[in-house]
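The primary structure of each chain is shown beneath.
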Amino acid sequence: MGQNKERVVAYWIAGIFFVIGAVCYAAFPERTPDQPIRIMFKSTGGKVLFDHKLHVSEEGYGFACSDCHHEIEEEGDEPSACGECHMSESEEDGLKRSDALHQQCIDCHEESGGGPTKCNECHML
């Protein structure tokens, strides 16, 4: 077989593998996780990247949903995002979102003796 024919055969084989790979990638997409892995909170003090998976997984801290999402009344209830209740940046509608997050996170970090408690330890992005 000539060098030119070998190159054509190699291109055909590479093309076939490419098509097979593209079909498999499209046919078997990765499942979206039930819970968020990380959450980016935007604020005037700087963005905060919260590692949700670390806080809820057994390999991490193992917190239950109701430990942070205080509106959960029964086991199995879907938690709502903090911003759904603590929407505004004013205290007219109850605790504003930034105060709610600061109170929840900093208090837990101080009680457990771990985790960031100073502004620049979270607000760094």
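Sequence positions are assigned chain by chain, starting from 1 and proceeding in written order. Selection of residues for local features in this predicted model requires a pLDDT of at least 70, selection of side-chain atom pairs for listing and counting requires 80 or more, and totals for whole chains, interfaces and linings are taken over all residues. Hydrogens are left out, water is left out, and the side-chain values use all remaining heavy atoms of the structure.

### Remarks on the packing of aromatic side chains
Applicable threshold: A pair of Phe, Tyr and Trp rings is counted when the ring centres sit within 6.5 Å of each other, with Trp represented by its six-membered ring. The angle between the planes then sorts it: under 30 degrees is stacked, over 60 is edge-to-face, the rest tilted. Throughout this description, buried means an accessible area under 20% of the type-specific maximum (1.4 Å probe, protein chains only), exposed means over 50%, and partly exposed covers the range between.
The tally for this structure, following the rule as stated, stands at 2 aromatic pairs. Seen in terms of ring centroids, phenylalanine 41 and phenylalanine 50 are 6.3 Å apart; in terms of plane orientation they differ by 50 degrees. Their pairing is tilted. Judged by its relative accessible area of 19%, phenylalanine 41 is buried. Judged by centre distance (6.1 Å) and plane angle (40 degrees), the rings of tyrosine 61 and phenylalanine 63 are tilted.

### Section: a negative patch on the surface
We apply this condition: Candidate patch residues must exceed 30% relative accessible area and have no salt bridge, after which like charges are joined if within 9 Å and Val, Leu, Ile, Met, Phe, Trp or Tyr side chains if within 5 Å. In short, Shrake-Rupley with a 1.4 Å probe defines the accessible areas, and a residue's cover is counted only from the protein chains shown. Salt bridges are identified by distance alone: a Lys or Arg side-chain nitrogen within 4 Å of an Asp or Glu carboxyl oxygen. Asp and Glu are treated as the negative residues and Lys and Arg as the positive ones, with His and the ends of the chain left uncounted. Lys charges are placed at NZ, Arg charges at CZ, Asp charges at CG and Glu charges at CD. The numbering of helices and of strands both runs from the N terminus, where a helix is a DSSP run of H or I of at least 4 residues and a strand a run of E of at least 2.
A cluster of like negative charges, contributed by Glu73, Glu74, Glu75, Asp77 and Glu78, occupies part of the molecular surface. The residue glutamate 73 is located in the loop between helix H3 (65–68) and helix H4 (82–85) in this model.

### Comments concerning helix H5 (residues 97–112)
Rules: Helix span is expected to be 1.5 Å times the residue number reduced by one. It is the directions from the helix axis to the C-beta atoms whose arc is reported. The criterion used for residue contact is that any of the two residues' heavy atoms lie within 4.5 Å.
With 16 residues, H5 should cover 22 Å at 1.5 Å per step; its first-to-last C-alpha distance of 22 Å lies within 8% of that length. All of the buried residues in H5 are Ala100, Leu101 and His109. The buried residues of H5 occupy an angular sector of 135 degrees when projected down its axis, which confines them to one face. When the buried face of H5 is taken as reference, the exposed residues oriented beyond 90 degrees from it are Glu110 and Glu111. Turning to H5, the residues buried within the fold contact strand S1 (39–41), helix H2 (52–56) and H4. Backbone geometry just downstream of H5 places glycine 113 in the positive-phi region, at approximately 75 degrees.

### Remarks on the confidence of the model for the chain
What counts here: Along the chain, pLDDT gives the predictor's confidence residue by residue, from 0 to 100.
Averaged over every residue, the pLDDT of the chain is 85; residues scoring 70 or more account for 94%. At the level of individual helices and strands, the chain shows its lowest average pLDDT in H4, which scores 79, and its highest in helix H1 (residues 3–27), which scores 93.

### Observations concerning the side chain of histidine 52
Of note, histidine 52 is situated in helix H2. Take histidine 52: its relative accessible area is 11%, and that puts it in the buried class. Each residue touching histidine 52, except ones within four places of it in the same chain, is listed here: Gln35, Pro36, Ile37, Arg38 and Ile39.

### Focus: a nonpolar patch on the surface
Together, Val8, Val9, Trp12, Ile13, Ile16, Phe17 and Ile20 give the surface a local cluster of nonpolar side chains, amounting to about 710 Å² of exposed area. Position of isoleucine 16 relative to the elements: it lies in helix H1. Here isoleucine 16 falls in the partly exposed class, since its relative accessible area comes to 46%.

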